[in-house]
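Chain by chain, the residues run as shown.
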Amino acid sequence: MSKRKPIKTAVFPVAGLGTRFLPATKAIPKELLPIIDRPLIQYAVDEAREAGIEQMVFVTGRGKTAIVENFDIAFELETTMAERGKDLSVLEATRFTPGNLITVRQQVPLGLGHAIWCARAIVGDDPFAILLPDELMIGQPGCIRQMVEAYEEVGGNLISVLEVPREEVSSYGVIDPGESVGVLTEVRGLVEKPPVDQAPSNKIISGRYILQPEVMRTLEGQGKGAGGEIQLTDAMARMIGTQPFHAVTFHGKRYDCGSKTGFVEATLALALEREDMGAEIRRIAERLLRG
Ligand code: G1P
């Protein structure tokens, strides 16, 4: 038996405006853009479920109700499909146990730290996970499951990290790494979007977190940071030294679906791996590349 409090709640910040994908995201939340036939948010929810997480908290904003609809019953669609003898199992992953999907509203986009703080009443006194759906993490097991396994060993706070080329670090949160043992690296410091020449390493935070509830109190008094936003990274940095803080090196593939090229890469990579279409997509890609 593990002596740690289990991670049962995940917070998904989904209030972002998605301006990088306009006009596609004018009427559709970016989290519902599909990689082939699954919306981005579905990949993140599935990843959390695989790790044993039951309660999903969406921090939403205006224009985002379609995300919640995605996880409700589509009565007319389902009735019509059933009447026509169609297979409803494709909708299985969109089902939720009643009460396990909770939304809270972030009225003004003040930053990731502020979005997480909006979920404080739901999180309460338990450790919880955060998944940023823009970051598509494909692993076996998935990223949060890998982190939960590490959490059972060391407890405290964990963030997933991966290495990027040095010139890219200023788009991310960056860790100041201490000692490493296996997949775990001690975190000595954290800095959000540093200039390349001031970055403590090229290990970036890749959008998955397991945090202790005290982060909510730390966020309470958190001023604005990089980009004039209330940054989660700054609040986590203030917790280092008061609680254990480790980075987990993720084993798997990561696609930055917040960028157009990352999104196309993810679509192509996942299509190539699919049994039902991989061979055909390979032929198409080869033909297109021959020009
Ligand atoms: C956020 C975090 C950053 C992290 C990144 C991962 O930044 O603040 O620390 O590295 O997600 O995608 P954003 O992409 O919201 O600017």
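This text goes with the structure placed above it.
What counts and how
- Residue positions are given per chain, counted from 1 along the sequence in the order it is written.
- Under the rules for a predicted model, residues below a pLDDT of 70 receive no local features and side-chain atom pairs below 80 are neither given nor counted, while totals for whole chains, interfaces and linings still include all residues.
- Processing note: side-chain calculations cover all non-hydrogen atoms of the structure and skip hydrogens and water entirely.
- Put simply, DSSP H or I for four residues or longer makes a helix, DSSP E for two residues or longer makes a strand, and each gets a number counted from the N terminus.
- The classification of residues rests on relative accessible area computed with a 1.4 Å probe and restricted to protein chains. Under 20% of the type maximum is buried, over 50% is exposed, and intermediate values are partly exposed.
- When checking whether two residues touch, look at their non-hydrogen atoms; a contact exists if any pair is within 4.5 Å.
- Areas reported as accessible are Shrake-Rupley estimates using a 1.4 Å probe. Residue values count occlusion only from the protein chains shown.
- The criterion for strand pairing is that DSSP finds at least two bridges linking the strands in question.
- Proximity is defined per residue: if any heavy atom of the residue lies within 4 Å of a molecule or strand, that residue is considered near it.
- Pairing of N or O atoms within 3.5 Å defines a polar contact, subject to two protein rules: one partner must be a possible hydrogen donor and the other a possible acceptor, and residues neighboring in sequence count only if both atoms are side-chain atoms.
- Put simply, Ala, Val, Leu, Ile, Met, Phe, Trp, Tyr, Cys and Pro go in the nonpolar bin, Asp, Glu, Lys and Arg in the charged bin, and everything else, Gly too, in the polar bin.
- The angle between two axes is taken between their N-to-C directions and runs from 0 to 180 degrees, where each axis is a line fitted to C-alpha atoms and a helix contributes only its stretch in contact.
- Any angle that is under 35 degrees is reported as roughly parallel, and any over 145 degrees as roughly antiparallel; angles of 65 to 115 degrees are reported as roughly perpendicular and all others as oblique.
- Remark: nonpolar core denotes a set of buried residues (Ala, Val, Leu, Ile, Met, Phe, Trp, Tyr, Cys) joined through side-chain atoms within 4.5 Å.
- In this description, a disulfide is simply a cysteine sulfur pair whose atoms lie within 2.5 Å.

Here's the deal with the overall build of the protein chain
Next up, step 1: Counting its secondary structure elements, the protein chain contains 10 helices and 13 strands.
Next up, step 2: Here the C-alpha coordinates of the protein chain stretch approximately 60 × 50 × 45 Å along the principal axes.
Next up, step 3: The buried share of the protein chain, taken over its 291 residues, is 49%.
Next up, step 4: In the protein chain, the share of contacts with a sequence separation of at least 24, taken over all contacts with a separation of at least 6, comes to 75%.
Next up, step 5: Only carbon and sulfur atoms are counted for the fraction: they give 53% of the accessible area of the protein chain, which is about 14900 Å².

So, the side chain of Thr-25
Next up, step 1: Along the chain, Thr-25 falls in the loop between strand S1 (9-13) and strand S2 (34-35).
Next up, step 2: The class for Thr-25 is buried, based on a relative accessible area of 7%.
Next up, step 3: Not counting the four nearest positions on each side in its chain, Thr-25 is found in contact with Leu-17, Gly-18, Lys-30 and Leu-33.

Some thoughts on the environment of Gly-228
Next up, step 1: Of note, Gly-228 is situated in the loop between helix H7 (214-220) and helix H8 (232-239).
Next up, step 2: Under the relative-accessibility criterion, Gly-228 is labelled partly exposed at 41%.
Next up, step 3: With 18 residues separating them in the primary sequence, Gly-228 and Ile-210 have C-alpha atoms 25 Å apart.

Side note on the pairing of strand S8 (residues 157-163)
Along a regular strand, successive side chains alternate from one face of the sheet to the other.
Next up, step 1: With six of seven residues buried, S8 lies mostly within the body of the structure.
Next up, step 2: Two elements, S8 and strand S12 (residues 245-249), share five bridges in a ladder whose sense is parallel. Within S12, the position partnered with Asn-157 by the bridge is Phe-245.
Next up, step 3: Here S8 runs beside strand S11 (residues 203-211); their pairing, made up of five bridges, is antiparallel.

With respect to the pairing of S11
Next up, step 1: Across the nine residues of S11, nine count as buried, placing the element largely inside the fold.
Next up, step 2: Direction of pairing for strand S6 (residues 128-131) relative to S11: antiparallel, over a ladder of four bridges. Counterpart to Phe-128 in the pairing with S11 is Leu-211.

Overview of the site of the ligand
Next up, step 1: Neighbouring the ligand are the residues Leu-112, Leu-132, Glu-135, Tyr-172, Gly-173, Glu-192, Lys-193, Ile-205, Tyr-209, Gln-231 and Thr-233.
Next up, step 2: Glu-135 is positioned such that a nitrogen or oxygen atom in its side chain is 2.4 Å from an oxygen atom of the ligand.
Next up, step 3: Take Thr-233: an N or O atom from its side chain is 3.3 Å from an oxygen atom of the ligand.
Next up, step 4: Expressed as a share of its isolated accessible area of 380 Å², the protein-covered part of the ligand is 77%.
Next up, step 5: When grouped by side-chain class, the residues that make up the shell around the ligand number five nonpolar, three polar and three charged.

Some remarks on the packing of helix H9 (residues 260-273) against helix H10 (residues 278-290)
Helix packing geometry: the angle between the two helix axes and the distance between the axes.
Next up, step 1: Two numbers describe how H9 lies on H10: the axes approach to 6 Å, and their chain directions differ by 130°. Judged by the inter-axis angle, H9 sits oblique to H10. In this structure, H9 uses Leu-268, Ala-271 and Leu-272 to contact H10, whose residues at the interface are Gly-278, Ile-281 and Arg-282.
Next up, step 2: Split into classes, the residues belonging to the contact of H9 with H10 amount to four nonpolar, one polar and one charged.

Comments concerning the nonpolar core
Next up, step 1: Counting residues in each nonpolar core, the largest one holds 37 residues, and the members touching the most others are Phe-12, Ile-41, Ile-53, Met-56 and Phe-58.
Next up, step 2: When residues of this core are assigned to their parent elements, the largest contribution, six residues, is made by helix H6 (residues 143-154).
Next up, step 3: Among all residues touching Phe-12, those that are not within four sequence positions of it are Ile-41, Ala-44, Val-45, Ala-48, Met-56, Val-57, Phe-58, Val-59 and Leu-131.
Next up, step 4: If you look at the next biggest cluster of nonpolar residues, it comprises 31 residues, including Trp-117, Ala-119, Val-123 and Val-161.

So, the state of the cysteines
Between two cysteines, a covalent bond joining their sulfur atoms is known as a disulfide.
Next up, step 1: Scanning the entire structure with this criterion turns up zero disulfides.
Next up, step 2: Among the cysteines around Cys-143, which has no disulfide bond, Cys-257 carries the closest sulfur, lying 14 Å off.
Next up, step 3: We classify Cys-143 as buried; its relative accessible area is 1%.

As far as function goes, none of this settles anything; it's purely spatial.
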